[in-house]
Amino acid sequence: MAKYRIALMPGDGIGNDVMDAAKIVLDKIALDAEYIPADIGWEFWRTEGEALPERTLATLESCDCALFAAITSKPKEEAEAELIPELKGTGLVYRSPIVRLRQRFDLYTNLRPCKAFKGNPLNYRDDIDMVVFRENTQGLYAGVEFHPLPAEVRAALEAHSPNMAAFSGVSSDDIAVSTRIFTREGCQRIVRVAFEYAKKFGYPTVTLVEKANVIRETSGLMVREARKIAAEYPGIELWETNVDAMVMWMVKNPQDYGVLVSSNMFGDIISDLAAQLVGGLGFAASGNIGDRLAIFEPTHGSAPKYAGLYKVNPAAMLLATKLMLDWLGETETAQVLQQAIADVIAEGKARTYDMGGDSGTLDVARAVAERL
Ligand code: IPM
Ligand code: MN
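Everything quoted here is computed from the prediction, not taken from an experiment. (Residues numbered from 1 in each chain as written. Chains lettered and ligands numbered in written order. Predicted model: local features only at pLDDT ≥ 70, side-chain atom pairs only at ≥ 80, totals over all residues. Heavy atoms only, no water.)

Let's talk about the packing of helix α11 (residues 315–328) against helix α12 (residues 331–347)
We count it as follows: The axes are straight lines fitted to the C-alpha atoms, using for helices just the contacting stretch, and the angles between their N-to-C directions are given from 0 to 180°. The helix count covers DSSP runs of H or I at least four residues long, the strand count covers runs of E at least two residues long, and both are numbered beginning at the N terminus. For this classification, under 35 degrees means roughly parallel, over 145 means roughly antiparallel, 65 to 115 means roughly perpendicular, and everything else is oblique. Rotating anticlockwise by less than a right angle from the far helix to the near helix defines a left-handed crossing, while the corresponding clockwise rotation defines a right-handed one. In this analysis, two residues are considered to be in contact whenever any of their non-hydrogen atoms come within 4.5 Å of each other. In this classification, the charged set is Asp, Glu, Lys and Arg, the nonpolar set is Ala, Val, Leu, Ile, Met, Phe, Trp, Tyr, Cys and Pro, and all remaining amino acids, among them Gly, are polar.
Where α11 contacts α12, the two axes come as close as 7 Å, and the packing angle between them is 160°. By the angle class used here, α11 and α12 are roughly antiparallel. Our pair here, α11 against α12, has a crossing hand that is left-handed. Residues Leu318, Leu319, Thr321, Lys322, Leu325 and Asp326 of α11 lie in contact with α12, whose contacting residues are Thr331, Thr333, Ala334, Leu337, Gln338 and Ile341. Grouping the amino acids of the contact of α11 with α12 by side-chain chemistry returns 6 nonpolar, 4 polar and 2 charged.

What about the pattern of salt bridges?
As a reminder, the rule being used: Put simply, a salt bridge is a Lys or Arg side-chain nitrogen that is within 4 Å of an Asp or Glu carboxyl oxygen. A simple rule labels every residue: compare its accessible area, found with a 1.4 Å probe on the protein chains alone, to the largest value its type can have, and call it buried under 20%, exposed over 50%, or partly exposed in between.
As enumerated under the stated definition, the model contains 25 salt bridges in all. Here Arg112 and Asp268 are joined by a salt bridge, their closest N and O atoms 3.9 Å apart. On the criterion of sequence distance, the pair formed by Arg112 in strand β4 (residues 109–115) and Asp268 in helix α10 (residues 264–277) is long-range, its members being 156 residues apart. We classify Asp268 as partly exposed; its relative accessible area is 23%. The shortest N-O distance in the salt bridge between Lys228 and Glu225 comes to 3.0 Å. Of this pair, Lys228 and Glu225 both sit in helix α8 (residues 218–230), 3 residues apart, which is roughly one turn of that helix.

Some points on the nonpolar core
Test applied: Buried Ala, Val, Leu, Ile, Met, Phe, Trp, Tyr and Cys residues that are joined via side-chain atoms within 4.5 Å together make up what is termed a nonpolar core. Either an automatic procedure or a domain database provided the assignment from which the domain bounds are taken.
Formed by 69 residues in total, the largest nonpolar core has its most connected members in Ile6, Leu67, Phe133, Phe195 and Phe296. The leading source of residues in this core is α11, at 9 residues. Shared between two domains, this core takes at least three residues from each, and those domains are domain 1 (1–109 + 286–372) and domain 2 (124–141 + 183–277). Excluding residues that lie within four positions of it along the chain, Phe296 makes contacts with Cys65, Ala66, Leu67, Phe68, Ser286, Gly287, Ile289, Ala320, Leu323, Met324 and Trp327.

Regarding the packing of aromatic side chains
This is how the line gets drawn: Two rings from Phe, Tyr or Trp (for Trp, the six-membered ring) form a pair when their centres are within 6.5 Å of each other. A pair whose planes differ by under 30 degrees is stacked, one over 60 is edge-to-face, and the rest are tilted. Sitting over a ring, as applied to charges here, requires NZ of Lys or CZ of Arg to be within 6 Å of the ring centre and within 35 degrees of the ring normal.
Scanning the entire structure with this criterion turns up 10 aromatic pairs. By way of ring pairs, the aromatic residues Phe133, Tyr197, Phe201 and Tyr203 are connected into one cluster. The cationic tip of Arg104 hangs over the ring face of Phe105; the distance from NZ or CZ to the ring centre is 5.4 Å. Residue placement shows Lys311 over the ring face of Tyr353; its charged tip is 5.2 Å from the ring centre.

Interpretation note: all reported values are geometric properties and have no functional meaning in isolation.
Set out below in structure tokens:
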């Protein structure tokens, strides 16, 4: 039996292109692993009414971790319109499979390193090294939402919040509510993971990105818990920021920041900004990490217009593979892979179109593999 069981979920669009790139590198690394392909994506939504089939969840139950590439997500009405005729009007609701995977397997940490690689012509500055920790299971993405607003929910809100008076003249049919639920434990665990990372890798600060001056209860809870946890890490300073000002500072002085921690939605937003500062989504990898299972993915989407053209940059997918190796404890191999990616970027010969080159996705993967 192989040492590791790893699920491979290419998903949609360019997901297949970049997964092929990852396979070239994994072949070369020759980990003692069994790779199990698993279904996920738009095609399964259309034909089965389920983008994340039960059989895929069962596969993941039996795996140590997974590599996931990309998936197409569309708003409610468009998703319904693309179902096969037999499934239309049956009340199926599309919810992003990756968001559901994060919740289902309690993958509460979303780790998103954004480091400027030397020689990348797309760097905003060459001295950027930010690592975003995004809470991955709660907040605005928890899916507790209403439209129309049910009478009982409305009555409860009115009974408990005087601020509901502002909406008193509006019909419940015309009110949509998306809740932002944080738990104390949810705040504590993501902040703790960020501080542990800062300690392990020698970052002097952890920057909390919230909006506690306005969103007093949820952001407020996060800030209060973060202060308690910070007290356990005397060598590391907690910087408290508001998300609006923070995006400005991230553009003005990105080199001043290291470890960032935030809730689900703000973390989603600031991690795209951080990615753009180091070359865009083509360089942004994430780890969705829980206590038992972890799923690694490039942060980019499925880019349908490039699907199957093998044109897109595989760097994010290869960096996701590197994060997976780290998580498995294969730290030396992870380091070698990161160095190979860095060397290919610095050398500048194998470059995809986003970097001004004309190499294909797999050419870049082969150039990386050759250095391993
Ligand atoms: C990400 C993506 C997802 C998210 C989408 C595809 C649901 O933007 O991983 O950042 O919002 O979390
Ligand atoms: Mn995102």
